[in-house]
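So you can see what is in the structure, the chains are spelled out below.
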Amino acid sequence: MFFHYMIGTVTDAHCEQDILDAKALGADAFALNLNTVDASWATNTVSSLFKWANAHGFKLFFSFDMTGFNNPSQFTSYLQSWVANGAYYRSEEHTSELQ
């Protein structure tokens, strides 16, 4: 089961608690709704989420919000920087073509 997660300005501790709460409810992963890769508030939150997801055996994947981008090329390199992370969600049937 996946939960939609709106990336915002949250603390590192908040990120950990959100992951723990989601796991307690039976979630397998967060779909990270991200509309910028240029703002530190967003990229810091993503970094914290990946740190805690790795620590707690949780998974994450991106759902890029195209209201914040004009073209996928604006987030491709950012995506590529995370897909090899152990917390990045993969299924046996589908793998990222951006590896």
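Residues numbered from 1 in each chain as written. Predicted model: local features only at pLDDT ≥ 70, side-chain atom pairs only at ≥ 80, totals over all residues. Heavy atoms only, no water.

Draft legend 1. Expanded view of helix H2 (residues 40-56). Counted at 1.5 Å a residue, the expected span for H2 with its 17 residues is 24 Å, and the 24 Å between its end C-alpha atoms agrees. The complete set of buried residues in H2 reads Ala42, Thr43, Thr45, Val46, Ser48, Leu49, Phe50, Trp52 and Ala53. Each element contacted by the buried residues of H2 is listed here: strand E1 (2-6), helix H1 (12-24), strand E2 (29-34), strand E3 (59-64) and helix H3 (76-80). After H2 finishes, the residue glycine 57 shows a positive phi value of roughly 65°. (Helix = DSSP H or I, 4+ residues; strand = E, 2+ residues; numbered from the N terminus. Expected span 1.5 Å × (residues − 1). Buried < 20%, exposed > 50% of the residue type's maximum accessible area, 1.4 Å probe, protein only. Contact = heavy atoms within 4.5 Å.)

Draft legend 2. View of the sheet that holds E1. As summarised here, the arrangement of the three strands in space is E1-E2-E3, forming an open sheet in which the pairing is parallel. The strands lining the two open edges of the sheet, one partner per strand, are E1 and E3. For this sheet, the mean angle separating the axes of adjacent strands, direction not counted, is 30°. (Pairing = 2+ DSSP bridges. Axes fitted to C-alpha atoms, helices over the stretch in contact; angles between N-to-C directions.)

Draft legend 3. Quick peek at the pairing of E1. Note: E1 against E2, five bridges, orientation parallel. Looking at the pairing, tyrosine 5 lines up with leucine 32 of E2. Taking the sense of rotation as the criterion, the β-α-β connection linking E1, H1 and E2 turns out right-handed. (Right-handed = clockwise from strand over helix to strand, strands pointing away.)

Draft legend 4. Region of the structure containing the nonpolar core. Ranked by internal contacts, the top residues of the largest apolar core, which has 31 residues, are Phe30, Leu32, Leu34, Leu49, Phe50 and Phe62. Elements with a contribution of two residues or more to this core: H1, E2, H2, E3 and H3. With six residues, the single largest contributor to this core is H2. Non-local contacts of leucine 49, meaning those with residues more than four positions away in its chain, are made with Tyr5, Ile7, Cys15, Ile19, Phe30, Leu32 and Leu60. (Core = buried A, V, L, I, M, F, W, Y, C linked by side-chain atoms within 4.5 Å.)

Draft legend 5. A look at the pairing of E3. The sheet contact formed by E2 and E3 spans six bridges and is parallel. Counted as the bridge partner of alanine 29 is lysine 59 from E3. In the classification by handedness, the crossover that spans E2, the intervening H2 and the parallel E3 is right-handed.

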